[in-house]
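Descriptive structure summary
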Amino acid sequence: MSPVRKGRGTGAGRRSRRRYDLLGLLVAAVMGFPVYWMVLTAFRPASEILSLPPEFWPSSPTLDNFTRAMGTETFWPNVRSSAVIGLGTVLVSLLVGTLAAFALARFRFAGRKAFVVVVLTVQMIPLAALVIPVYLLLNDAGLTDSLGGVILVYLVFTLPFTVWMLRGFISAIPVELEEAAMVDGCGRLGAFVRVVLPLLAPGLVATSVFAMVQAWNEYVLVYVLLSTPEKQTLSIWLVSFQTSFGTDYGGLMAGATLTALPVVVFFLAVQRKIAAGLATGAVKG
C-alpha cells in the first residue's frame, strides 16, 4: 500500500510543480513583454512603429533610432552625469553604510534601538513630500544645479536601506572570527578589514545594486535640482523625445534601451554574488 500512496503523492507533486512552473512562465511573460516591445520598437523603422495590426518582429530592422538618439547634443554629457551620480551614490553609501551597520551589529550603545527605528522610518517617507524642503536646503547651501548636491540627497534615501541590509549580513558573520583575528594581533580595524569585509562582499554587491538602480532611474529630484541640460541625467534626457509636435517613439525606445543597458549589464555581472548575498543575509549566525 505504501508504494502506491508514495507514487500517487509523487504524481500529485509533479502536477503541482508543473502548474507552478506554468504560472511562473506566465508571470515572467507578462512582466517581460513591455521590455521586449521596447527593444523591438527601438529596432523598427518609423513606418512600422504605429502600423496596424502590430507586428511582433520588424520586417527590416534598423539602427537609425539608436544613431539619432546617440547623436543628440546632450546624450554623452547626460551619460557622464548619470555615471557620476550613480557611482558616487553607491560608493559613499557603501562606505558610510558599512561602518554604521557594523556599529549596529557589533556594539551596544545608548539609543541603538531608537536609531534602528529612525532608519526604518526614513524609508517610509514619500519622496514627493520632501522635494520642496530638499530644494530649499540645497539652495541655501549653494548646492542646487550640482552633481554633488544630488548625490547628497540620494544618500538620504539609499543609506537607510544600505544600513539595514548590511546589518543583517554582518550579524550573520560569527563574531568569533573577529576575536580570533584580534588574538592573532589584529586590532579592531584590522579584523574588520581582513575578516569581515571579505565575507561581506556578497552583501555589498546586493546593496550596491539597489543603490545603483535608485540613483540611475530617479526622475523627480534630479528634474527639480538640476537645471543645466548638460548636467541632467538620462532619465531627464528621455523626455526630450516628447515635443509639442509629437513623440518620437523610435528615438524614445532606443534611448530607453540605452538607458537600461548599463544597469542590466551590471546586474548580470554580479547576479551570482547577489544570490549568495541574499542567502547569507537570510541566515543569522
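The notes below deal with the structure included here. (Residues numbered from 1 in each chain as written. Predicted model: local features only at pLDDT ≥ 70, side-chain atom pairs only at ≥ 80, totals over all residues. Heavy atoms only, no water.)

Below, the discussion takes up the overall build of the chain. Within the chain one finds 13 helices and 2 strands. Radius of gyration (C-alpha) of the chain: 24 Å, far over the 19 Å computed for a compact globule of 285 residues. With respect to the principal axes defined by its C-alpha atoms, the chain has extents near 80 × 70 × 35 Å. Residue pairs at least 24 apart in sequence account for 72% of intrachain contacts in the chain once pairs closer than 6 positions are excluded. Entry remark: accessible area of the chain is about 16900 Å², with carbon and sulfur atoms responsible for 70%. Once the 22 positive and 14 negative side-chain charges of the chain are each reduced to a mean point, those two points are 21 Å apart. (Helix = DSSP H or I, 4+ residues; strand = E, 2+ residues; numbered from the N terminus. Rg over C-alpha atoms; globule rule 2.2 N^0.38 Å. Contact = heavy atoms within 4.5 Å. Areas by Shrake-Rupley, 256 points an atom, 1.4 Å probe, with all protein chains shown as cover. Lys, Arg positive; Asp, Glu negative; His and termini not counted. Charge placed at Lys NZ, Arg CZ, Asp CG, Glu CD.)

Our next topic: the packing of aromatic side chains. Following the criterion strictly, the structure yields 10 aromatic pairs and no others. With a centroid separation of 5.0 Å and 55° between ring planes, the pair formed by F75 and W237 is classed as tilted. Residue F75 is found in helix α4 (residues 75–106), and its partner W237 is found in helix α12 (residues 234–237); the two are separated by 162 residues along the sequence. Assigned by exposure class, F75 and W237 land together as buried. Members of the aromatic cluster, each reached through a chain of ring pairs, are F75, W76, W237 and F241. Sitting above the plane of the W37 ring, R44 keeps its charged end 5.0 Å from the centroid. (Phe/Tyr/Trp six-rings, centres within 6.5 Å; stacked < 30°, edge-to-face > 60°. Buried < 20%, exposed > 50% of the residue type's maximum accessible area, 1.4 Å probe, protein only. Lys NZ or Arg CZ within 6 Å of the ring centre and 35° of its normal.)

Here helix α5 (residues 112–124) spans 19 Å end to end across 13 residues, near enough to the 18 Å set by a 1.5 Å rise per residue. Every buried residue of α5 is listed here: R112, V116 and V119. Considered in projection along α5, the buried side chains sweep an arc of 55° and stay on one side of the axis. Of the exposed residues in α5, those oriented more than 90 degrees away from the buried face are K113 and M124. In the core, the buried residues of α5 are packed alongside α4 and α7 (147–171). (Expected span 1.5 Å × (residues − 1). Arc of directions from axis to C-beta.)

Moving on, we get to the nonpolar core. Grouped together as the largest cluster of nonpolar side chains are 28 residues, with contacts concentrated most on A69, L166, I170, L200 and W237. Not counting chain neighbours up to four residues away, the residues in contact with W237 comprise A69, T72, T74, F75, N78, G255 and T259. Among the nonpolar cores identified, the runner-up in size contains 17 residues, and V131, L147, V153 and Y154 belong to it. (Core = buried A, V, L, I, M, F, W, Y, C linked by side-chain atoms within 4.5 Å.)

This part takes up the packing of α4 against helix α10 (residues 201–217). Packing of α4 against α10 leaves a shortest axis separation of 9 Å and a crossing angle of 140°. Viewed along their axes, α4 and α10 adopt a mutual orientation that is oblique. For the pair α4 and α10, the crossing hand works out as right-handed. Counting all contacts with α4, which are made through S82, A83, I85, G86, L87, T89, V90, S93, L94 and T98, the residues of α10 involved are L204, T207, S208, A211, M212, A215 and W216. Its residues assigned to classes, the contact of α4 with α10 shows 10 nonpolar, 7 polar and no charged. (Axes fitted to C-alpha atoms, helices over the stretch in contact; angles between N-to-C directions. Parallel < 35°, antiparallel > 145°, perpendicular 65-115°, else oblique. Left-handed = near helix turned anticlockwise from the far one by under 90°. Nonpolar A, V, L, I, M, F, W, Y, C, P; charged D, E, K, R; others polar.)

Not every positive phi belongs to a glycine, and D145 is a case in point at roughly 60°. Tracing the chain through its elements places D145 in the loop between α6 (131–140) and α7.

With that settled, consider the environment of V131. Of note, V131 is situated in helix α6. For V131, a relative accessible area of 12% corresponds to the buried category. Taking C-alpha positions, V131 is 9.0 Å from L225, a pair spaced 94 residues apart along the chain. In this structure V131 touches V220, L221 and V224, once residues within four positions along its chain are discounted.

Let us look at the pattern of salt bridges. Overall, the coordinates contain 2 salt bridges when judged by the stated rule. In this structure, R68 and D248 form a salt bridge, with 2.9 Å as the shortest nitrogen-oxygen distance. You can see R68 sitting in helix α3 (residues 64–70) and its partner D248 sitting in the loop between β2 (246–247) and α13 (249–281), a full 180 residues away along the chain. On the basis of relative accessible area, D248 is assigned to the partly exposed category, the value being 26%. (Salt bridge = Lys/Arg side-chain N within 4 Å of Asp/Glu carboxyl O.)

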